Amino acid sequence: MAVVFEKPHALTNVPTHYCPGCTHGIVHRLVAQVLDELGVEGRTVGVAPVGCAVFAYNYFNCDMIQSPHGRAPAVATGVKRALPESVVFTYQGDGDLAAIGTAETVHAAARGENITIIFINNAIYGMTGGQMAPTSLPGQVTQTSPYGRDVKTQGHPIRVCEMLSSLDGVALAQRCSVDTVKNVNATKQAIKKAFQYQIEGKGCTIVEVLSTCPTNWGLEPNEALDWLRENMMPYYPLGVYKDAAEEENNG
Amino acid sequence: MGEKILMKGNEALAEAAILAGCRHFFGYPITPQTELAAYMAKRMPKLGGTFLQAESEVAAINMVLGAASAGVRTMTSSSSPGVSLKSEGVSYLAGSDLPCLIINVQRGGPGLGGIQPSQADYWQATKALGHGDFQIFVFAPSTVQEMVDLVNQAFDLADEYRMPAMILADGMLGQMMEPVEIPEVSELKLKDKPWATNGHKNSREHNIINSLYMQPEDLEQTIRDRFARYDDAKAKHQVFESYLTEDADIVVVAYGASSRISRSAVEQARELGIKAGLFRPITLWPFPNDELYKLAGSAKKFLAVEMSMGQMVDDVRLAVNGRKPVEFFGRTGGVIPTPAEVLEQIKKLAGGDR
Ligand SMILES: Cc1ncc(C[n+]2csc(CCOP(=O)(O)OP(=O)(O)O)c2C)c(N)n1
Ligand code: SF4
């Protein structure tokens, strides 16, 4: 029989702890497939966040470091500077990347650190039980915005790709989604491009993936995908916000 | 033998780290350690190393965490307020069993405090440089030459025990110029780091650097194993200097800059016929308990002298364990005690016996 699908080598053979319908698992698979296809697992170092993806260090087969909350881009910087030939990625949630780790994210991007940032935007703090995130939508009900996020007192959501795209150090800033097969494939292409740019030394690459958290959104997995399409996509349009190679070609 | 050259303490620390094989420095500007970073900024690019001015001390220590995970000798330097910011990272480094060097050129605190020399971060360095049950090596040089020598030892012990190490200096030592002999290093013998996350090259299982344990029993066991290593370090690496303590009635205990001042005071006391001596801890962790306990048999009184309101004195009292009185004298906030002030204290203590 022809093999149509295999678990990527870059994923370990252990069950994950993710909730049913959570899209973290899909993104793990895509990153692992890209590591396989580029043949770089043996020289890759991944940095796991504090957040639901903290156990990513058990799931990826490459060497892994578990970082303090939000500091993954700084940790990745240290690895990359020590081992310039290595391939280094961080895998971070929105609280990790856009709240506690904002400075580390912005400055790694500004320095053009040759790392790849995989950014899971699920508009909520998953691991700690559903608090408001910097990316929670206006009006979104969470444990710490029980009356809906009031932008007058709780501020506006951060659009990370748009913000980072203004920085010269960024080689790729692209927002994707894994809500449909088509979008899953596009996300994989974006992740692959990000790693390729890193290997070519083009600068900092970030792929933002709109994700679901059915558990803390209080929705069934299918409803969660609908919620993502209806609410997140209009606020966080998919697309390429910065692509150094295209700019080179156009310029 | 290397030649003697005149060097500033901060620059000597930097050069010593380079000699010890450190090629990855991450820092954030702060007085009075500025010359150290400036020296690194000049030298590292020429050596093919990294000098990176981070966006904060928080970022700098986490870059150190990354580089240490990758298996290289790496360091950061700062002064008191900046070291507070590093504490999260130090806790993670300790919890992940990662070696590195942290330099604190202390200034007055709390808060923004001042920029003059101080020793008010003793508690922070030896008791609570971050959350959780852990220790780091802490070395307290008192001359520029000793700064050079201790940097190398600190890196070696950090690697051997897989622990962060700190040089606890102060603004006076950092800024002072003294002749130093830079040792010639022909070949560095660095410890293998098979645990490093430097890419498995498809030839081993993946390595994981981690401080998280979901099962309390696992976490407890890890901490107990780590503390067994601490016990080994305590047994083997208590370093100190004794000066005129053998027949001393009054033993002054001081480290770093205040030990230099105390030494003068002890010499002046001897001229007055007072049997005074100086006990100088060189490792603040592990604290040289054993020798101090022994001294408590022969000495009559102890006097701890610090540039703080009295922090190390706690450890002196623990070591002496009630056998003899332990008094304290200190100036704080960046005020440096004078030998005359310390002599006054020695005379006061000697008073009853004369
Ligand atoms: C310094 C620190 N502050 C707070 C926490 C608690 N904490 C753990 S995960 C988390 C938020 C994670 O949310 P996010 O980054 O959005 O990731 P997700 O869990 O949604 O994937 C917080 C606040 C912590 N571990 N460390
Ligand atoms: S809490 Fe949310 S983000 Fe975390 S695993 Fe469950 S569904 Fe996924």
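Everything below is about the structure printed above this text.
Note that the coordinates shown come from a computational prediction; the quantities given were computed from them, not determined experimentally.

*Asks:* What is the right way to read the sheet that holds strand β15 (residues 326-330) of chain B from this model?
*Replies:* Note on sheets: strands pair through backbone hydrogen bonds, and any given pair is parallel or antiparallel. Residue and element names in this part refer to chain B. Taken in spatial order, the 5 strands make up an open sheet running β10-β12-β11-β14-β15, and their pairing is mixed. Two strands lie at the open edges of the sheet, namely β10 (240-243) and β15, each paired on one side alone. Strand after strand, the sheet turns through a mean of 20 degrees between neighbouring axes, direction not considered. Pairing between strand β11 (residues 250-253) and strand β14 (residues 301-306): 4 bridges, direction parallel.

*Asks:* Is there a simple way to think about unusual backbone geometry in this case?
*Replies:* Note on backbone geometry: most residues besides glycine have negative phi, and most peptide bonds are trans. Residues and elements named next belong to chain B. The amide bond that connects threonine 31 to the next residue, proline 32, takes the cis arrangement and shows omega of 5 degrees. Between glycine 109 and the following residue, proline 110, the backbone shows a cis peptide bond with an omega angle of 0 degrees. Along the chain, proline 110 falls in the loop between β5 (100-106) and α5 (122-126). One non-glycine residue, lysine 201, lies in the positive phi region at around 50 degrees. Relative to the helices and strands, lysine 201 resides in the loop between β8 (177-181) and β9 (208-209).

*Asks:* Is there a simple way to think about the interface of chain B and chain A in this case?
*Replies:* When the parts of a complex come together, some accessible area is lost, and that lost area is often taken as the interface size. Each side of the interface is counted separately: chain B has 34 residues, and chain A has 35 residues. Summed over both partners, the interface of chain B with chain A comes to about 2,500 Å²; 60% of that surface belongs to carbon and sulfur atoms. Across the contact surface, chain B and chain A share 3 salt bridges. Among the salt bridges present, the one from arginine 71 of chain A reaches glutamate 88 of chain B, with a minimum N-O distance of 2.8 Å. Our enumeration of links across chain B and chain A arrives at 17 residue pairs in polar contact (both at pLDDT 80 or more).

*Asks:* Even after reading the chapter, I still don't get the pattern of salt bridges, so can you show me in this structure?
*Replies:* Oppositely charged side chains may form a pair once their charged atoms are brought near each other. In this structure the tally under the stated criterion is 33 salt bridges over all chains. A salt bridge links arginine 111 of chain A to glutamate 113 of chain A, with the nearest nitrogen and oxygen atoms 2.6 Å apart. A salt bridge links glutamate 220 of chain B to arginine 224 of chain B; its shortest N-O distance comes to 3.2 Å. In this pair, glutamate 220 of chain B and arginine 224 of chain B are both assigned in helix α8 (residues 216-236), 4 residues apart and thus about one turn of the helix distant. Judged by its relative accessible area of 44%, glutamate 220 of chain B is partly exposed. Here arginine 224 of chain B falls in the exposed class, since its relative accessible area comes to 52%. The network of salt bridges with common partners includes Arg81, Arg111 and Glu113 of chain A together with Glu55 of chain B.

*Asks:* Just checking my understanding: could you explain the layout of surface pockets for this structure?
*Replies:* Over the atoms, a rolled probe matching the size of one water molecule traces out where space is still vacant. All names here are of chain B. Taken as a whole, the largest pocket spans an internal volume of roughly 290 Å³. Residue lining of the largest pocket: 14 residues in total, with Ser91, Gly95, His131, Ser211 and Leu219 positioned closest to the centre. Going through the elements one at a time, α4 (80-95) and α8 are the ones with two or more residues in the lining of the largest pocket. Examining the composition of the lining of the largest pocket, we find that 4 residues originate from one element, α4, more than from any other. For the lining of the largest pocket, a count of residues per class yields 7 nonpolar, 5 polar and 2 charged. The calculated volume of the second largest pocket comes to roughly 230 Å³.

*Asks:* Would you take a moment to explain a negative patch on the surface for this structure?
*Replies:* Residue and element names in this part refer to chain A. Side chains of Asp168, Glu246, Glu247 and Glu248 sit close together on the surface and give a patch of like negative charge. Note that aspartate 168 resides in the loop between α7 (160-164) and β5 (170-177). For aspartate 168, a relative accessible area of 75% puts it in the exposed group.

*Asks:* Which parts of the structure should I look at to understand the packing of aromatic side chains?
*Replies:* The description of an aromatic ring pair rests on the distance of the ring centres and on the angle between the ring planes. Using the criterion set out here, one finds 15 aromatic pairs over all chains in the structure. Seen from their ring centres, phenylalanine 55 of chain A and tyrosine 57 of chain A are 6.0 Å apart, and the 65 degrees between their planes marks the pair as edge-to-face. In this structure phenylalanine 55 of chain A comes out as buried when scored by relative accessible area, which is 15%. Summarising the aromatic geometry, the rings of phenylalanine 60 of chain A and tyrosine 91 of chain A are spaced 6.4 Å apart at their centres and angled 55 degrees between planes, so their arrangement reads as tilted. You can see phenylalanine 60 of chain A sitting in the loop between α2 (56-59) and β2 (63-66) and its partner tyrosine 91 of chain A sitting in strand β3 (residues 87-93), a full 31 residues away along the chain. Residue phenylalanine 60 of chain A is classed as buried on the basis of its relative accessible area, which comes to 0%. Counting every residue linked through ring pairs, the aromatic cluster contains Phe137, Phe139, Tyr161, Phe227, Tyr230 and Trp285 of chain B. Arginine 159 of chain A extends its terminal NZ or CZ atom over the ring of tyrosine 235 of chain A, reaching a point 3.9 Å from the ring centre.

*Asks:* Looking at this structure, how should I read helix α10 (residues 221-235) of chain A?
*Replies:* For an α-helix the count is 3.6 residues per turn, leaving residues at separations of three or four pointing the same way. With 15 residues, α10 of chain A ought to run about 21 Å at 1.5 Å a step, and its terminal C-alpha atoms sit 21 Å apart, in line with that. In this structure, the buried residues of α10 of chain A make contact with β4 (116-121), β5, α8 (181-199), β6 (204-210) and α9 (214-217) of chain A.

*Asks:* How should I be thinking about the packing of helix α3 (residues 72-82) of chain A against helix α5 (residues 102-110) of chain A in this particular structure?
*Replies:* Packed helix pairs are characterised by how far apart their axes lie and by the angle those axes make with each other. All names here are of chain A. Relative to each other, α3 and α5 sit at 40 degrees, their axes nearing to 7 Å. What the angle tells us is that α3 and α5 run oblique. Judged by residue contacts, Pro73, Ala74 and Thr77 of α3 engage Glu104, Thr105 and Ala108 from α5.

*Asks:* Sorry if this is basic, but what is going on with the pairing of strand β3 (residues 50-53) of chain B here?
*Replies:* For a regular strand, side chains alternate in direction, first toward one face of the sheet and then toward the other. Residues and elements named next belong to chain B. Burial along β3 is one-sided: Thr50 and Leu52 are buried, while Phe51 and Gln53, pointing the other way, are not. Here 4 bridges tie strand β2 (residues 24-27) to β3, and the two strands are oriented parallel to one another. Paired with histidine 24 across the two strands is threonine 50, which belongs to β3. As for the winding sense of the linkage, the β-α-β connection from β2 through helix α2 (residues 34-43) to β3 is right-handed.

*Asks:* Explanation requested: the sheet that holds strand β13 (residues 283-285) of chain B in the structure shown.
*Replies:* Strand order in the open sheet formed by 7 strands is β3-β2-β4-β5-β7-β6-β13 (chain B), and the pairing between neighbours is mixed. What marks the edges here is a single partner per strand, and that holds for β3 and β13 of chain B. Going from strand to strand, the sheet's axes swing by 20 degrees on average, the running direction of each strand aside. Two strands pair when backbone bridges link them, and β2 of chain B and strand β4 (residues 74-78) of chain B are joined in this way by 2 bridges, in the parallel orientation. The partner of histidine 24 of chain B across the bridge, within β4 of chain B, is threonine 74 of chain B. α3 of chain A rests against β2 and β3 of chain B of the sheet, and its axis sits at about 150 degrees to β2 of chain B.

What counts, and at which threshold
- Residues numbered from 1 in each chain as written.
- Chains lettered and ligands numbered in written order.
- Predicted model: local features only at pLDDT ≥ 70, side-chain atom pairs only at ≥ 80, totals over all residues.
- Heavy atoms only, no water.
- Pairing = 2+ DSSP bridges.
- Helix = DSSP H or I, 4+ residues; strand = E, 2+ residues; numbered from the N terminus.
- Axes fitted to C-alpha atoms, helices over the stretch in contact; angles between N-to-C directions.
- Contact = heavy atoms within 4.5 Å.
- Buried area = accessible area lost by both parts, 1.4 Å probe.
- Salt bridge = Lys/Arg side-chain N within 4 Å of Asp/Glu carboxyl O.
- Polar contact = N/O pair within 3.5 Å; in protein donor to acceptor, adjacent residues only side chain to side chain.
- Buried < 20%, exposed > 50% of the residue type's maximum accessible area, 1.4 Å probe, protein only.
- 1 Å grid on protein atoms, 1.4 Å probe; cavity = no way out; pocket = protein on both sides within 12 Å on 5 of 7 lines; lining within 4 Å.
- Points joined across faces, edges and corners; volume = space filled by probe spheres on them.
- Nonpolar A, V, L, I, M, F, W, Y, C, P; charged D, E, K, R; others polar.
- Patch = residues over 30% accessible without salt bridge, like charges linked within 9 Å, V, L, I, M, F, W, Y side chains within 5 Å.
- Areas by Shrake-Rupley, 256 points an atom, 1.4 Å probe, with all protein chains shown as cover.
- Lys, Arg positive; Asp, Glu negative; His and termini not counted.
- Charge placed at Lys NZ, Arg CZ, Asp CG, Glu CD.
- Phe/Tyr/Trp six-rings, centres within 6.5 Å; stacked < 30°, edge-to-face > 60°.
- Lys NZ or Arg CZ within 6 Å of the ring centre and 35° of its normal.
- Expected span 1.5 Å × (residues − 1).
- Parallel < 35°, antiparallel > 145°, perpendicular 65-115°, else oblique.
- Right-handed = clockwise from strand over helix to strand, strands pointing away.

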